[in-house]
Amino acid sequence: NRGDAVRWGMTRLQPDDLPDIEALLSAARLPTRDLGGHVAFVGARTVGGRLGGVAGLETVGAWGLVRSVAVRAEARGGGLGARLVAAVEDAARGMSLTNLVLLTTTAEAFFASLGYVPTRRGALPPEVRALSEFADVCPASAACLSKRIG
């Protein structure tokens, strides 16, 4: 439940966690077809190991693509999503990335509340626009937001 959010332990997820990640993303109606080894995930687990939320980070140059942020329905509303995004931002800073970008069709207000601002896709470096999220996974109508972190 939402009260569990304070008890979620953040951890870097491993390749053998992929079935759990895909199940959570599918339940949230987020794409799962391009989650190969190029996306690093952080997750939030209870002491018993139940996965309550995930957030991914894909990197290209000095940019990071925040993707696949999802929180199990019964864990929403307690700040877990914000904690997952903060964990991805911390990981990105640790990798000396300077900018984060994301695409969303449903959570623009959530990410805006975390400091992400609307960004024209054309203003992004070509290598970022070439990522699969931009090229064919997310619709052209998805909002593009970015945040400078370094």
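Conventions used here
- Residues numbered from 1 in each chain as written.
- Predicted model: local features only at pLDDT ≥ 70, side-chain atom pairs only at ≥ 80, totals over all residues.
- Heavy atoms only, no water.
- Salt bridge = Lys/Arg side-chain N within 4 Å of Asp/Glu carboxyl O.
- Helix = DSSP H or I, 4+ residues; strand = E, 2+ residues; numbered from the N terminus.
- Pairing = 2+ DSSP bridges.
- Contact = heavy atoms within 4.5 Å.
- Axes fitted to C-alpha atoms, helices over the stretch in contact; angles between N-to-C directions.

> Looking at this model, I keep getting lost on the pattern of salt bridges. Mind explaining?
If the charged atoms of two oppositely charged side chains come close together, the side chains can form a pair. Going through the model one piece at a time under the given rule, you end up with 9 salt bridges. Of the charged contacts in the structure, one is a salt bridge between E74 and R50, with a shortest N-O distance of 2.5 Å. A residue pair is termed long-range when its members are at least 10 positions apart, and E74 in the loop between β4 (63-71) and α2 (80-94) and R50 in the loop between β2 (40-45) and β3 (51-60) qualify at 24 residues. Taken together, the salt bridges that share partners define one network made up of D34, E58, R67 and E133.

> When you look at the sheet that holds strand β7 (residues 143-148) in this model, what are you seeing that I'm missing?
Whenever strands of a sheet pair, they do so through backbone hydrogen bonds, lying parallel or antiparallel. Taken together, the 7 strands give an open sheet; going across it, the order is β1-β2-β3-β4-β5-β7-β6, and neighbouring strands pair in mixed fashion. The two strands at the open ends of the sheet, each matched to only one other strand, are β1 (9-12) and β6 (117-118). Here β1 pairs with β2 via 4 bridges, running antiparallel. Each residue of the ladder has a partner; that of G9, found in β2, is R45. On top of the sheet, helix α1 (residues 18-27) reaches β2, β3 and β4; it is set at about 100 degrees to β3, its chief contact. Sitting on the sheet, α2 is in contact with β1, β2, β3, β4, β5 (99-104) and β7, with an inclination near 30 degrees to β3.

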